Amino acid sequence: MTMIVVSPLARIGEMAVWHKAREMISLMAKEQAFHRPGVIQADRHLLLNMNDIAFKGTGDLVAPDEKHVRAIIDFAAGWQQEAPLLVHCWMGVSRSPAAALIAALSLAPEQEDMALARRLRTVSPQATPNARIVEIGDALLDRRGRLVDAVKAIGRGAEADGNAPFVLPVRDNSNG
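All figures in this text were calculated on a predicted structure; none of them were measured in a lab.

Student: For this particular structure, what's the right way to read the packing of helix α4 (residues 113-123) against helix α6 (residues 146-154)?
Tutor: The relative placement of two packed helices is expressed as an angle between their axes plus a distance between the axes. Relative to each other, α4 and α6 sit at 35°, their axes nearing to 8 Å. In the crossing of α4 with α6, the sense of the turn from one axis to the other is right-handed. Together, D113, M114, A117, R118, L120 and R121 of α4 and R146, L147, A150, V151, A153 and I154 of α6 make up the contact between the two elements. When the residues that make up the contact of α4 with α6 are grouped by side-chain class, the tally is eight nonpolar, no polar and four charged.

See the structure below:
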């Protein structure tokens, strides 16, 4: 089963080793330094510098934009899928769940957006996907508002302490 592991920054090393991940997407503010786990090769690591905000024009903060989301889609297309893809941000609650949704839909566009959003809520009661990333991904993947509506329908996640990694299957394999 093709899986995306979503993690807070504090647990990326553990999650990379535990799940045998070899590829990683990092969604971090520019000033947040961190070390890439040794099991992730530099050429299979996508670092996207952005803040966890939903709109542009917030001082010096960098809002997610089309080039960031396009990079997620392109990286997912090159993902070998022999091992889980690790996606992380600071807390593992907003930017990385949004990126996981975009990656999953880019790889399995036939799936229903609502089913994917419900699968996210099942594996992560805390996830509150970044609305801007979701909106841009919806447009780039030609979902015609279905992903935006699905994420709105599952609502805000439960309060989170930034210590709840989870695994999102790219496809629903419960029916065979």
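Student: Quick question: what am I supposed to make of the nonpolar core here?
Tutor: Soluble, globular proteins show a tendency: their nonpolar side chains are buried together. Grouped together as the largest cluster of nonpolar side chains are 42 residues, with contacts concentrated most on I4, I25, L27, I72 and I102. With nine residues, helix α3 (residues 95-107) is the single largest residue contributor to this core. Residues contacting I25, with those up to four places away along its chain left out, are L46, L48, I72, F75, L85, L86, V87 and H88. Counting residues in hydrophobic clusters, the runner-up holds ten residues, among them V5, L9, M15 and M28.

Student: I keep staring at the side chain of D65 and nothing clicks. Help me out?
Tutor: Turning to its location among the elements, D65 is positioned in the loop between β3 (45-49) and α2 (66-78). Looking at D65, the relative accessible area reads 16%, which means it is buried. Of note is the side chain of D65, whose polar atom sits 3.1 Å from the backbone nitrogen of K67. When residues no more than four places from it in sequence are discounted, the contact partners of D65 are K56 and I136.

Rules used throughout
- Residues numbered from 1 in each chain as written.
- Predicted model: local features only at pLDDT ≥ 70, side-chain atom pairs only at ≥ 80, totals over all residues.
- Heavy atoms only, no water.
- Axes fitted to C-alpha atoms, helices over the stretch in contact; angles between N-to-C directions.
- Helix = DSSP H or I, 4+ residues; strand = E, 2+ residues; numbered from the N terminus.
- Left-handed = near helix turned anticlockwise from the far one by under 90°.
- Contact = heavy atoms within 4.5 Å.
- Nonpolar A, V, L, I, M, F, W, Y, C, P; charged D, E, K, R; others polar.
- Core = buried A, V, L, I, M, F, W, Y, C linked by side-chain atoms within 4.5 Å.
- Buried < 20%, exposed > 50% of the residue type's maximum accessible area, 1.4 Å probe, protein only.
- Polar contact = N/O pair within 3.5 Å; in protein donor to acceptor, adjacent residues only side chain to side chain.

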